[in-house]
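# Coordinate inspection notes
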Amino acid sequence: MATTERQGRKSRSTSARKAADRAKANGKEAGQPPRVKNDALLDLYRKMVEVRLFEDAAQRGFRTGKIGGYLHVYSGQEAVATGFLHEYREGDRIITAYRDHAHALLLGSEPKAVMAELYGKGTGLVKGKGGSMHLFDVANGFMGGYGIVGGHIPLGVGMAYSLAYRKTGGIVQLFLGDGAIHNGAFHEAANLAGLWGRDGLNPTLFVIENNQYGMGTSVERSTAMTDLGSKFDSYGIEHEKVDGMDLEAVLDCAHRAAERVRESGKPFAVEALTYRLVPHGAADFLEKYRTKEEIREWRQRDPIGLLERTLLERDAADEDALKAIRETAKARSDEAVQFADESPDPDLTELTTDVYAGEMHVPAAGSGIGE
Amino acid sequence: MPVKTYRDALKAAMAEEMQRDESVVLLGEDIGVYGGTHLVTNGLIDEFGPKRVIDTPIAENGFTGAAIGMAMTGLKPIVEMMTWNFSFLAADQIIQNAAKLRYFSGGQVSVPLVIRGPNGGGVQLSAQHTHSLEGFYGHFPGLKVVSPATPHDVKGMMLSAIRDPDPVIFLEAGALYGTKGEVEDGDYTVPFGKARVAREGTDISLIGYGRQVNLLLRVADKLAEDGIEGEVIDLRSIRPFDSETIVASVRKTNRAVVVQEQWRWFSVASEVAAIIQEQAFDELDAPVERVSGAEVPAPYARNLELAAFPSEQQIIDAVQRVLYRVATTSATTR
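Here the structure is a predicted model, which means the values were calculated and not measured. (Residues numbered from 1 in each chain as written. Chains lettered and ligands numbered in written order. Predicted model: local features only at pLDDT ≥ 70, side-chain atom pairs only at ≥ 80, totals over all residues. Heavy atoms only, no water.)

### Notes on the sheet that holds strand β11 (residues 230–234) of chain B
Residue and element names in this part refer to chain B. Strand order in the open sheet formed by five strands is β9-β11-β10-β13-β14, with mixed pairing between adjacent strands. The open sheet has two free edges, formed respectively by β9 (196–199) and β14 (289–293), since each of these has just one partner strand. Between one strand axis and the next, the sheet turns through 25° on average, direction left out of account. Note that strand β10 (residues 204–208) and strand β13 (residues 256–263) share three bridges and pair parallel. By the bridge assignment, Leu-206 is partnered in β13 with Val-257. (Pairing = 2+ DSSP bridges. Helix = DSSP H or I, 4+ residues; strand = E, 2+ residues; numbered from the N terminus. Axes fitted to C-alpha atoms, helices over the stretch in contact; angles between N-to-C directions.)

So this is what it looks like as structure tokens:
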């Protein structure tokens, strides 16, 4: 057993490079011109930095006792959500699990409201009722963060049915972690998506954020079939892999995948190979399940660092411009923290609201389709 | 007024609302081509097509969760649980998502979902296929839980359920599907949270719901032969709960027996008894008695099954004790 463990660690120490190679073999072709222009890329860099600095501030808030409960930050995985949500169109629906801050921010939620939610304040995105794991911003298409691994996947598939049934033209981007793949809810939902998609009734884009670990249990220690995309073969859903640390690769893959789902009404899956550069939860400081070397190696492939190099190489920005972006982002996260800190607690009357629409409320007959 | 079976009244409610409102869709196992295990949805796939009457694979977690997602995005799904016994496989979806979404989204999301199907036992289906889950689902804030007993109520309450903006656990009594009663044509609703006085009486309140209501009516007839006038209350709805009607009845009769098929511990009858002592303690002339299912998994053999559920005699015995017509030593045996 001990030997296996050591071998496991040794093999993982090169997993960053291997992941990139695997994704390249399957993903974008070399030498393809970038689909996104330099100024747009610089804007996406700004968004990724904003997410990273927001998460840094959230971790500080957790350590200083300002944030309670659980806190799962997205640091290291930014290219995945940034690339896929670049394909968001009005009318689409986005759903994810509990590592959800980035998705809300990238869809346009006010950082102040998101931070205030983490701080448990009445000005929070969901009025201080959900916390870190339950961000919602329906006006921006965000149908929530969910705390039970795998439990949100059937919801996303049902939403896609609804969007197609109502002929809205929208798609669902359904984010899930590698850990959720082993849950029964995933398999039941993927089967329904494939089945309903056969009739053009399931425009679901599954995005697997494979950060290599379901909490502390690696993909290798979770399944004998580690090629997670292949799980979709059982359900008649096509899939590909992408290097989730390379924003341009993600943008290219996301664009093709989203267009395909939008046009066909059929589901499609992408396994984005990425890495959580931070602990699973803010209270997970021991990290006995992975080595410092492994984390160091993946840091070389930090999606923000990779993008900085690309931008500099292409003269899309100079060091000063990048520094200015980082400083502006820092100021924005500082403002969010200050707002959260100074905001009032939720009014106690909020304890009992939003349980029901109204205890005896029954609307008129045939109130029709619509959200 | 036309007479219909419970089954047909239920089907009429769904079919009529589907004609009025194209956001209403049905999902479940064998509800379409097969016609429904209990024939409640028989023929609806021919009228509304497979996009609206969706035959699902046997995957309760998956299709219940999908229905929640549909409800969050503009549809009004009705999920059939072939029987409620299978809902444990979907309990994560029902409890962790449907019941709580409005709350943890800070009021941004509604889940106008109905989950319906037969609940309870009585036809020798044994342990895994016999449960009465009203207490279980009634426990969770965010859910509404109803248990209609008559053809009239099942139609009116189904229409209320479909139009309700919150998730409704609609517990049908399988044993009642073939029972007949007067049912209005057309659109009418029976609101949730309003109990029904099924028989007026002055001597004792007999409280139940679902198929126990018919049992209580038979008991009341027998008691009347003995000069005892029982008032039968049909709760109709477990959550929201109509304590007003219960308390008003107990103020009149000063005595109550609560009857349920489910297990006694942590049950609906326990809650009813607690509410009566909280709100009408001074009106009571005797402790409230509960007549419940035996504290065992449901057995198969007919005689054992009959012994596991409330019988007329058990209820009459309880009534006699509450009226102090016999010694009260056996008050806690069931």
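Now that the structure has been shown, the text picks up again.
### Focus: the pattern of salt bridges
Residue and element names in this part refer to chain A. Here the structure, examined in full by the defined rule, presents 48 salt bridges over all chains. For Asp-92, the salt bridge identified is with Arg-262, shortest N-O distance 2.9 Å. Of the two residues, Asp-92 sits in the loop between α4 (78–85) and β1 (93–96) while Arg-262 sits in helix α9 (residues 247–264), which places them 170 residues apart along the sequence. Asp-92 sits in the buried class, given a relative accessible area of 0%. Several salt bridges share partner residues, and in doing so they unite Asp-43, Arg-46, Glu-50 and Arg-332 into one network. (Salt bridge = Lys/Arg side-chain N within 4 Å of Asp/Glu carboxyl O. Buried < 20%, exposed > 50% of the residue type's maximum accessible area, 1.4 Å probe, protein only.)

### Notes on helix α10 (residues 292–299) of chain A
Those residues of α10(A) that fall on the buried side of the exposure criterion are A:Glu294, A:Ile295, A:Glu297 and A:Trp298. Seen from one end, α10(A) has its buried residues packed into an arc of 160°, which puts them on one side. (Arc of directions from axis to C-beta.)

### Section: the side chain of B:Gln93
By the element assignment, B:Gln93 lies in helix α4 (residues 91–98). For B:Gln93, a relative accessible area of 0% gives the class buried. Looking at B:Gln93, its side chain comes within polar contact range of the side chain of B:Asn61, at 3.1 Å. Apart from residues lying up to four places away in sequence, B:Gln93 is in contact with A:Gly151, A:Pro154, A:Leu155, B:Asn61, B:Thr64, B:Gly65, B:Ile68 and B:Ala98. (Polar contact = N/O pair within 3.5 Å; in protein donor to acceptor, adjacent residues only side chain to side chain. Contact = heavy atoms within 4.5 Å.)

### What about unusual backbone geometry?
In the segment running from B:Arg239 into B:Pro240, the intervening peptide bond is cis, with an omega of 5°. Within the element layout of this structure, B:Pro240 appears in the loop between β12 (237–239) and α9 (243–253). In this model, A:Lys167 sits at a positive phi of 55°, which is unusual for a non-glycine residue. Tracing the chain through its elements places A:Lys167 in the loop between α7 (153–165) and β3 (172–177). Positive phi, normally seen in glycine, also occurs at B:Asp30, with a value near 60°. By secondary structure assignment, the location of B:Asp30 is in the loop between β2 (24–28) and α2 (44–48).

### Looking at the interface of chain A and chain B
Each partner contributes residues to the interface: chain A has 52 residues there, and chain B has 55 residues. Taking both partners together, chain A and chain B bury about 4100 Å²; carbon and sulfur atoms supply 64% of that area. At the surface where chain A touches chain B, the tally comes to zero salt bridges. Run the count over chain A and chain B and you get 18 residue pairs in polar contact (both at pLDDT 80 or more). Counting residues per element, the ones that place at least two in the side of chain A that touches chain B are β2 (142–145), α7 and α8 (184–197) of chain A. Per element, the largest residue contribution to the side of chain A that touches chain B is seven residues, and it comes from α7(A). Taken together, the residues that form the side of chain A that touches chain B break down as 27 nonpolar, 14 polar and eleven charged. (Buried area = accessible area lost by both parts, 1.4 Å probe. Nonpolar A, V, L, I, M, F, W, Y, C, P; charged D, E, K, R; others polar.)

### As for the domain arrangement of chain B
Residues and elements named next belong to chain B. Partitioning chain B into domains gives domain 1 (3–182) and domain 2 (196–332). The C-alpha centroid of domain 2 is placed 27 Å from the C-alpha centroid of domain 1. Tallying the contact residues gives 30 residues for domain 1 and 24 residues for domain 2. Counting the surface lost from both domain 1 and domain 2, the interface buries some 2100 Å², and carbon and sulfur atoms represent 54% of this. When the area that domain 1 buries against domain 2 is broken down by residue, the three leading residues are Gln-124, Glu-134 and Ser-147, summing to 26%. Where domain 1 packs against domain 2, one counts two salt bridges. The partner of Arg-236 in a salt bridge is Asp-153, and the shortest N-O contact between them spans 2.8 Å. Put simply, domain 1 and domain 2 have 16 residue pairs in polar contact (both at pLDDT 80 or more) between them. Of all the secondary-structure elements, those providing two or more residues to the side of domain 1 that touches domain 2 are α6 (134–138), β6 (144–146) and α7 (151–163). Looking at the side of domain 1 that touches domain 2 residue by residue, the class counts come to 14 nonpolar, 13 polar and three charged. (Domains from an automatic or database assignment.)

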